[in-house]
Amino acid sequence: MTTSSHLVYLIALPLISAALLLLLGRKTDKWGHILATLVSASAFGIGVSEFFAMQGRTGDARAATQKIFSWISVGTFKVDASLLLDQLSICFVLLITGVGTLIHIYSIAYMSHDHDRRRFFAYLNLFIAAMLLLVLGDSYLNLYVGWEGVGLASYLLIGFWNQKPAYATAAKKAFVANRVGDVGLSLAIMIAFAQFGTVTFAGVKAGAPHASTAALTAIGAMLLLAAAGKSAQFPLQSWLGDAMAGPTPVSALIHAATMVTAGVYLITRSNFIFDGSSTARLMVVIVGGITLIFGALIGTAKDDIKKALAASTMSQIGYMILASGLGPVGYAIAIMHLLTHGFFKAGMFLGAGSVMHGMDDEVNMRRYGGIGKLMPITFATFGLGYLAIIGVPPFAGFYSKDKIIELAFNAGGTKGIILGGATLLGAAITAFYMTRLIVMTFTGAKRWDEKAHPHESPILMWLPMAVLAVGSVATGFLFNSGNSLVNWLAPVLNSRNEVGGEELMKPIVVSALALLAVIIGVGIAVGMYRKEVPVVAPEKVSVFTRIVRKDLMQDAFNEAVLMRPGQKLTEGLVKTDYFAIDGLVRLVAGIFASTSTALRKIQNGYVRSYALIMVGGALALIATIWVVTL
Amino acid sequence: MDLSNYIYLSVILFTIGAIGVVVRRNAIVVFMCIELMLNAANLAFVTFARINGNLDGQVASFFTMVVAACEVVVGLAIIVTIYRSRRSASVDDASLLKR
């Protein structure tokens, strides 16, 4: 383990910049966005130099740590605020700062007409700092700080245009759903501390082999809950679609490339927990499997281009979660898909933003059509991302998704067939809805308003898109050649080179099947949407379509199962409080009040009645004494 | 002569005094009734002293007489003052404490 002295700058730079922009306020309006972008770029620079420095070291010396200060020291509970940069963290650092910088550049142009651009950049920097802390923390508690930080940044950015009540509500929804997951993370940390007496990754890793399976399963389940909240996985998935209320660069950075993948990071980082509990792994696989189909189905019925992409993100993260539940080699494959997805999905979101930019912020794909000719660069970059996500060789998504499908089939027995079938089905649906999206947006007849004048975006916007498109093309091949990524991550994730398990089918057969699924999906979509697309979504549709349009009833479900009973419970508690608790207090007070009102009448001011009472009292006293002594 | 007759007389006098305090309105009469009760008590004290054959009761009756003398002075002064300011010696009219 090497000690480093400049890891802290990765986090400190964007944090200071964010504080500067927020505290100095309007004074920084002129140069705030430039500062923020430069800071993000310099964080990327530090990341790259750290990466090359790591390449120069070998074995255990590759990982670097830095202790910033001693944070908590209570009895035997000691937590340092220290950072850990290992083979896993560096992948995320490069993704966050790299894609982050590109999106900063893009936002300069995209947000140029916005009154509050400075505040936007301050939040973006805050996000970068928090996300870097999340992936660099060397203990669960440090991770937790970053975890909450990205939640805050996400909330602030979804509700960036909070003058619209619907957007403010969307931000709140995301925050609440995340909070449920956060409870899982804090419980996991508590159980880990109770079990191992420490919350550092190294300490928990050392203790995990000796812990009971039940404890590991409990920690794993709580970590999965946390991951489900942050990564919009079943059953906490419903916030992601509404999170598209935020500006498009935010959707690209936070809700596609980085923050929503934090759940995958958490699970892969905790590989030592999941390695010890097959039940926890099974839960992970089930959640991933359900979400990947769930998200893909939602994607098929969305007319809002951003929401379609959000559904797709949910589905793709489902793939990653599924992979990370499939044992040692799965972790590395999950990270591989995460990285490639970071490129192509961020690229496509920026493409969607570019289309919106040219179309007066219209998001309804039914009002697009034929934009490809007018926005050739956007079309080209989006198209490359599209080929990557549906998994056409040799684009990035092919390598990573193909590996996951192969892994799923090799899970063994019935489980393998079910998982493999689900991933194949997911691939086919993905191909369908992405083709639908691209056909409705870029080809066919124009369906937009007379007022709209689609035009190609400025260079500051298309340049990041182009860079991401190159990433969508090349990264898969890069990561896969000679298993470079799997080997690189092996010391952290204990992953082996070969795809494990008994081979159900040869890799080539799996690839062929996956490709067949993609061709079927694309074929159906082209067949359905090549013709005239109605400007208004047709009303006469099957029950199934209706349900899918309503996001598979996820909101209705949450309302019926969680919200209404919750409201009833609160109402009941309010009533109990009013009638039982307050009522008791009021009853006691009432008894005293009425008694004293009655007693007050004795004090009538007439001497003779006082005298009578005295006489009566004396008589009563004498009578009592007489009775007692009798 | 049976000493218990003195006790009966004392009880009768005390009762008359007590009833007088409660039923009469005139402050002077109320006052006289109080005196009557004190003297009834004195009579009882003296009688008990005689019955028990010691002087304790007689000493107590002297105390009572002294206290009664003081009480008469203060009480009559109050009654005269009230009569002067209110032109009435009725105890029911002097019920200002109620308000």
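Structure first, text after, so check above.
To keep things clear, this report deals only with the structure shown in the data block. Numbers given to residues run from 1 along each chain, matching the order in which its sequence is written. Both sets of labels track the order of writing: A upward for chains, 1 upward for ligands. Residues qualify for local features only when their pLDDT is at least 70, as the model is predicted, and side-chain atom pairs are given and counted only at 80 or more; totals for whole chains, interfaces and linings, by contrast, use all residues. The side-chain quantities take in all heavy atoms of the structure and omit both hydrogens and water.

A few points about the overall build of chain B
Right, so step 1: Helix and strand labels come from DSSP, where a helix needs a run of H or I of at least four residues and a strand needs a run of E of at least two; each type is numbered from the N terminus. The helix and strand tally for chain B stands at three helices and zero strands.
Right, so step 2: Of the regular secondary structure in chain B, the N- to C-terminal order runs α-α-α.
Right, so step 3: Taken over the C-alpha trace, chain B has a radius of gyration of 16 Å; the compact-globule value for 99 residues is 13 Å, which it surpasses by more than 25%.
Right, so step 4: In this scheme, a residue with accessible area under 20% of its type's maximum is buried, one over 50% is exposed, and one in between is partly exposed, where area comes from a 1.4 Å probe on protein chains only. For chain B, with 99 residues in total, the buried portion stands at 31%.
Right, so step 5: Pairs at least 24 residues apart make up 59% of the contacts formed inside chain B by residues separated by at least 6 positions.
Right, so step 6: Of the charged side chains in chain B, 8 are positive and 6 negative, and the gap between their average positions amounts to 15 Å. As defined in this context, the radius of gyration uses C-alpha atoms, and a globule is described by 2.2 Å times the residue total to the power 0.38. Throughout, a contact is declared for two residues whenever any of their heavy atoms are within 4.5 Å. This count recognises Lys and Arg as positive and Asp and Glu as negative, with His and chain-terminal groups excluded. Think of each charge as sitting on NZ of Lys, CZ of Arg, CG of Asp or CD of Glu.

Remarks on the interface of chain A and chain B
Right, so step 1: Taken together, the contacts link nine residues of chain A with ten residues of chain B.
Right, so step 2: A 1.4 Å probe defines the accessible area here, and the buried area is the portion of it lost by two parts on being joined, summed over both. Looking only at chain A, the three residues that lose the most surface to chain B are Gly605(A), Tyr606(A) and Arg608(A), adding up to 60% of its buried area.
Right, so step 3: The term salt bridge refers to a side-chain nitrogen of Lys or Arg lying within 4 Å of a carboxyl oxygen of Asp or Glu. Summed over the shared surface of chain A and chain B, the result is one salt bridge.
Right, so step 4: Between Arg608(A) and Asp92(B) there is a salt bridge, with its nearest N and O atoms 2.7 Å apart.
Right, so step 5: Side-chain classes follow a simple rule in which Ala, Val, Leu, Ile, Met, Phe, Trp, Tyr, Cys and Pro form the nonpolar group, Asp, Glu, Lys and Arg form the charged group, and the remainder, Gly included, forms the polar group. Taken together, the residues of the side of chain A that touches chain B break down into five nonpolar, three polar and one charged.

Some details on the pairing of strand β2 (residues 64–74) of chain A
All names here are of chain A.
Right, so step 1: What makes two strands pair is DSSP finding at least two bridges between them. Here two bridges tie strand β1 (residues 2–3) to β2, and the two strands are oriented parallel to one another. Bridging from a neighbouring strand, threonine 3 pairs with threonine 65 of β2.
Right, so step 2: By the bridge criterion, nine bridges tie β2 to strand β3 (residues 77–85) in an arrangement that is antiparallel. By the bridge assignment, lysine 67 is partnered in β3 with serine 82.
Right, so step 3: Taking the residues between adjacent antiparallel strands as the criterion, β2 and β3 are bridged by two residues, where glycine 75 takes a positive phi near 60°.

Focus: empty space enclosed by the protein
Residues and elements named next belong to chain A.
Right, so step 1: Grid spacing is 1 Å over the protein atoms alone, the probe is 1.4 Å, and a cavity is where that probe fits but cannot get out, while a pocket is an open set with protein on both sides within 12 Å along at least five of seven lines and lining residues have an atom within 4 Å of a point. Grid points are joined across faces, edges and corners, and a volume is the space filled by probe spheres set on the points. According to the stated counting rule, one finds two cavities of 30 Å³ or more in the structure shown.
Right, so step 2: The calculated volume of the largest cavity comes to roughly 60 Å³.
Right, so step 3: The wall of the largest cavity is formed by Ile390, Gly391, Phe398, Lys401, Asp402, Ile405, Ala427, Ala514, Leu515 and Val518.
Right, so step 4: Going through the elements one at a time, α17 (396–409) and α21 (507–529) are the ones with two or more residues in the lining of the largest cavity.
Right, so step 5: Among the elements that line the lining of the largest cavity, the one with the most residues is α17, at four residues.
Right, so step 6: Of the residues assigned to the lining of the largest cavity, the class counts are seven nonpolar, one polar and two charged.
Right, so step 7: Size it by volume and the second largest cavity reaches roughly 40 Å³.

A few points about the packing of aromatic side chains
Right, so step 1: The rule is short: rings of Phe, Tyr and Trp, with Trp giving its six-membered ring, pair when the centres are within 6.5 Å, and they are stacked under 30 degrees, edge-to-face over 60, tilted in between. Counted by the stated rule, this structure contains 18 aromatic pairs over all chains.
Right, so step 2: For a lysine, the NZ atom is tested; for an arginine, the CZ atom; a charge sits over a ring if that atom is within 6 Å of the ring centre and within 35 degrees of the ring normal. In this structure, Arg586(A) packs its charged tip against the face of Tyr578(A), placed 4.7 Å from the ring centre.

Observations regarding the sheet that holds β3(A)
Right, so step 1: Read from one edge to the other, the open sheet built from three strands follows the order β1-β2-β3 (chain A), with strand pairing classed as mixed. Because the sheet does not close on itself, it has two edges, and the strands there are β1 and β3 of chain A.

Points about helix α19 (residues 459–480) of chain A
All names here are of chain A.
Right, so step 1: Here the expected length of a helix is defined as 1.5 Å per residue gap, with one fewer gap than residues. If you check α19, its first and last C-alpha atoms are 32 Å apart, about what 22 residues at 1.5 Å a residue would give, namely 32 Å.
Right, so step 2: At alanine 474, α19 is bent by approximately 40°, the largest bend along its length.
Right, so step 3: Among all positions in α19, only Met461, Pro464, Met465, Leu468, Ala469, Gly471, Ser472, Thr475, Gly476 and Phe479 are buried.
Right, so step 4: Of the surrounding elements, those touching the buried residues of α19 are α3 (87–110), α15 (328–358), α16 (376–390), α17 and α20 (484–493).
Right, so step 5: Note on α19: the residue one or two positions beyond its end, glycine 482, has a positive phi of about 65°. Think of it this way: the bend at a residue is just the angle between two axes, each fitted to seven residues, one set ending at that residue and the other starting at it.

Some details on a nonpolar patch on the surface
All names here are of chain A.
Right, so step 1: Taken together, the side chains of Leu20, Leu24, Trp31, Ile34 and Leu38 present a nonpolar region at the surface, about 460 Å² in accessible area.
Right, so step 2: Secondary-structure elements contributing two or more residues to the nonpolar patch are α1 (7–24) and α2 (32–56).
Right, so step 3: Along the chain, isoleucine 34 turns up in helix α2. Patch members must show over 30% relative accessible area and no salt bridge, and they are joined within 9 Å when carrying like charges or within 5 Å when they are nonpolar side chains of Val, Leu, Ile, Met, Phe, Trp or Tyr. Surface accessibility follows the Shrake-Rupley procedure with a 1.4 Å probe radius. Residue values consider only the protein chains on display as shielding.

Spatial relationships are all this shows, so hold off on functional conclusions.
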